[in-house]
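A structural walkthrough
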Amino acid sequence: MVRTSTYSETFGETTLRYWVIKGNPYVNDWDSMLVPSTSGKWHTGRAPKEWFIGDRLFCWESTPALRMIGLAHLLQTDCGLDEEGDQLFQVEYLTTRFESMPGIAELRTVPILNTASFLKAGPATTVFPLSPEQADVLVRLLVARNPRLASVWDDLGLMSTYMIAKCRRCWC
């Protein structure tokens, strides 16, 4: 299971959370955005009240692609408002575009993930919560298909998943 770590703020500790941020490929140039250690500002009509700096983000490419494409973390929760009144937030990208990008049809077949709000039809929005269990399943699926991701969130202990995937390739 994904370990929830904490980070200390002035008034106590908060639990690290996981979110999916959806970006439109007609508006977002994912290949220029997904550069490790670079940051970018995003907008949302309604930002979550329970998110904190350091929370982990899965990047989703919306219609027409509908697939998971990168990892990031939250750098700043409130960067003001854009010209349309949407709240701005800042992320730091941790990966380039995944080599293997699971799509909506595949993710909807995974029992824990098929209840995730980002996979449901509904109004266009930017930020979707993931439960720790959903994040655990998703990150393990991504590492199994993209072994280099095992070291991105190294506190999760995913190197063993990477080694199993690597050994499976050797045995075949």
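Generally speaking, soluble globular proteins have nonpolar side chains that are buried together. Judged by nonpolar contacts, the single largest core of 26 residues is most densely connected at Phe58, Met68 and Phe118. Looking at this core, the elements that each hand over two or more residues are β3 (18–23), β5 (56–61), β6 (67–76), α2 (104–107), β8 (127–130) and α3 (132–145). When near neighbours in sequence (up to four residues on either side) are disregarded, Met68 contacts Val20, Phe58, Cys59, Trp60, Phe98, Met101, Pro102, Phe118, Leu138 and Leu142. Grouped together as the second largest cluster of nonpolar side chains are 17 residues, Ala47, Cys59, Ile69 and Tyr93 included.

In this section: the environment of Tyr93. When you line up the elements, Tyr93 lands in strand β7 (residues 87–93). Linking Tyr93 and Pro36, residues 57 residues apart in sequence, is a C-alpha distance of 5.1 Å. When residues no more than four places from it in sequence are discounted, the contact partners of Tyr93 are Met33, Leu34, Val35, Pro36, Ser37, Thr38, Ser39, Gly40, Trp42, Leu71 and Ala72.

Considering the arrangement of structural elements, one finds Asp86 in the loop between β6 and β7. Look at Asp86: it is buried, it has no salt bridge, and the nearest opposite charge is Arg46 at 11 Å. Here the side chain of Asp86 touches His43 through a polar contact of 3.2 Å, side chain to side chain. For Asp86, the contacting residues outside a window of four places in its chain are His43, Thr44, Gly45, Gly80 and Leu81.

This paragraph deals with the packing of aromatic side chains. Applying the stated criterion across every chain yields a total of 8 aromatic pairs. Between the aromatic rings of Trp60 and Phe118, the centroid separation amounts to 5.2 Å while the plane-to-plane angle is 70 degrees, which identifies the pairing as edge-to-face. Here Trp60, found in strand β5, pairs with Phe118, found in the loop between α2 and β8; they are 58 residues apart in sequence, far enough to count as distant. Overall, Trp60 belongs to the buried group, its relative accessible area being 0%. Here a set of aromatic residues connected by ring pairs shows up, and it is made of Trp19, Trp30, Trp42, Trp51 and Phe89.

The rules behind the values
- Residues numbered from 1 in each chain as written.
- Predicted model: local features only at pLDDT ≥ 70, side-chain atom pairs only at ≥ 80, totals over all residues.
- Heavy atoms only, no water.
- Core = buried A, V, L, I, M, F, W, Y, C linked by side-chain atoms within 4.5 Å.
- Buried < 20%, exposed > 50% of the residue type's maximum accessible area, 1.4 Å probe, protein only.
- Helix = DSSP H or I, 4+ residues; strand = E, 2+ residues; numbered from the N terminus.
- Contact = heavy atoms within 4.5 Å.
- Lys, Arg positive; Asp, Glu negative; His and termini not counted.
- Salt bridge = Lys/Arg side-chain N within 4 Å of Asp/Glu carboxyl O.
- Polar contact = N/O pair within 3.5 Å; in protein donor to acceptor, adjacent residues only side chain to side chain.
- Phe/Tyr/Trp six-rings, centres within 6.5 Å; stacked < 30°, edge-to-face > 60°.

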